[in-house]
Amino acid sequence: MALLEVKEIHKAFEGNEVLKGVNIIVDKGDVVSVLGPSGSGKTTLLRCINFLESADRGQFVFDGKTYDLSAVTKSEIAGIRKRTGFVFQNYNLFANKTAIQNVTLGLTSARKIPAKEAHEKAMGVLTKVGMAEFADYYPSQLSGGQQQRVAIARALATDPEIIYFDEPTSALDPQLTAEVLEVMRDLAKEGMTMIVVTHELSFAKEVSTHVVFMADGKVVEEGSAAEFFDNPKESRTKEFLRLTEK
Ligand SMILES: Nc1ncnc2c1ncn2[C@@H]1O[C@H](COP(=O)(O)OP(=O)(O)O)[C@@H](O)[C@H]1O
Ligand SMILES: [Mg+2]
């Protein structure tokens, strides 16, 4: 049984249909990379399945339970969110909180975990992403790569069953990109289930169990990483790979 399944998701903004019936299946331990040109609907897809945006229709199956994406309730959303993590393109850290405060916040407020326990958990995940020594730094005192690693620690702190990443390295220069990808590679090796929207083709090729290529709000092609990169079938895929490959 899949851990997560998205069925026929549709989303329009003021009549502009951005998702035109997208399906995704993620098994436990999968790393699913979502590729595609800018504007193809990748961010909207992640935002809809994290309920930051409400889909017009479609189903969301999580751990065997089916939800209607257009009618999911607030308490259902809260229940699902407790089991998932999200890493944004621009980190979304609180500027007026230190690294460790950013990580503990979701533990002490939403989950009512005692401060001492939250602190220990936060130090554990900050250590995991190589940021323990920066625990008391504010975001403005950290590089983009360091901020993104704190954001990954924040996502990890709640022991999610799946983490969604929306172009986590797109704002970073190559060196900082490498340090963030290293953390993500380690998570993948440990069996973390992830959906990763990315333009990092070599990372996707190396780490993904499955690749989904989107264009114009639809899945154009998908397959195993080897299949997808070594033997793309659709002309749009071939063109995308040719233009994106460095
Ligand atoms: N909140 C919004 N309001 C109106 N249009 C939006 C909104 N969010 C995204 N869009 C549009 O939806 C399309 C897909 O955007 P997006 O999901 O961000 O694509 P991607 O992440 O693949 O670049 C784009 O044309 C974008 O302008
Ligand atoms: Mg995007």
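Throughout what follows, the structure given in this document is the object of discussion. (Residues numbered from 1 in each chain as written. Chains lettered and ligands numbered in written order. Predicted model: local features only at pLDDT ≥ 70, side-chain atom pairs only at ≥ 80, totals over all residues.)

**Considering the overall build of the chain**
Next, step 1: A count of helical and extended segments in the chain gives 9 helices and 10 strands.
Next, step 2: Along the three orthogonal principal directions, the C-alpha set of the chain runs to about 55 × 45 × 35 Å.
Next, step 3: Taken over 246 residues, the chain has a buried fraction of 42%. (Helix = DSSP H or I, 4+ residues; strand = E, 2+ residues; numbered from the N terminus. Buried ≥ 20, exposed ≤ 12 C-beta atoms within 10 Å, placed from the backbone.)

**Some details on the site of ligand 1**
Next, step 1: Every residue close to ligand 1 is listed here: Phe13, Val18, Gly36, Ser38, Gly39, Ser40, Gly41, Lys42, Thr43 and Thr44.
Next, step 2: Here the element with the most residues in the shell around ligand 1 is helix H1 (residues 42–49); it accounts for 3 residues. (Near = placed C-beta within 6 Å.)

**Describing the packing of helix H3 (residues 99–110) against helix H4 (residues 115–128)**
Next, step 1: Viewed as axis vectors pointing N to C, H3 and H4 meet at an angle of 125°, and their least axial separation amounts to 9 Å. By the angle class used here, H3 and H4 are oblique. Crossing of H3 over H4 shows right-handed handedness. Here H3 contributes Ala99, Ile100, Val103, Thr104, Leu107 and Thr108 to the contact with H4, which in turn contributes Ala115, Ala118, His119, Lys121, Ala122, Val125 and Leu126.
Next, step 2: Residues belonging to the contact of H3 with H4 are distributed by class as follows: 9 nonpolar, 3 polar and 1 charged. (Axes fitted to C-alpha atoms, helices over the stretch in contact; angles between N-to-C directions. Parallel < 35°, antiparallel > 145°, perpendicular 65-115°, else oblique. Left-handed = near helix turned anticlockwise from the far one by under 90°. Contact = placed C-beta atoms within 7 Å. Nonpolar A, V, L, I, M, F, W, Y, C, P; charged D, E, K, R; others polar.)

**Things to note about the sheet that holds strand E8 (residues 194–197)**
Next, step 1: Strand order in the open sheet made by the 6 strands is E6-E7-E8-E3-E9-E10, with mixed pairing throughout. Two strands lie at the open edges of the sheet, namely strand E6 (84–87) and strand E10 (218–223), each paired on one side alone. Neighbouring strand axes in the sheet, compared pairwise and without regard to direction, differ in orientation by 15° on average.
Next, step 2: When strand E7 (residues 162–166) meets E8, the two strands line up parallel, connected through 4 bridges. When the sheet's bridge partners are listed, Tyr164 is paired in E8 with Ile195. (Pairing = 2+ DSSP bridges.)

**Some thoughts on the sheet that holds strand E5 (residues 65–68)**
Next, step 1: Read from one edge to the other, the open sheet built from 4 strands follows the order E2-E1-E4-E5, with strand pairing classed as antiparallel. A strand with exactly one partner marks an edge of an open sheet, and here the two such strands are strand E2 (16–26) and E5. Direction aside, neighbouring strands of the sheet carry axes that sit 20° apart on average.
Next, step 2: In this structure, strand E1 (residues 4–13) lies alongside E2, joined through 8 bridges in antiparallel fashion. Within E2, the position partnered with Glu5 by the bridge is Ile25.

Without other data, these values stay purely geometric and don't point to any function.
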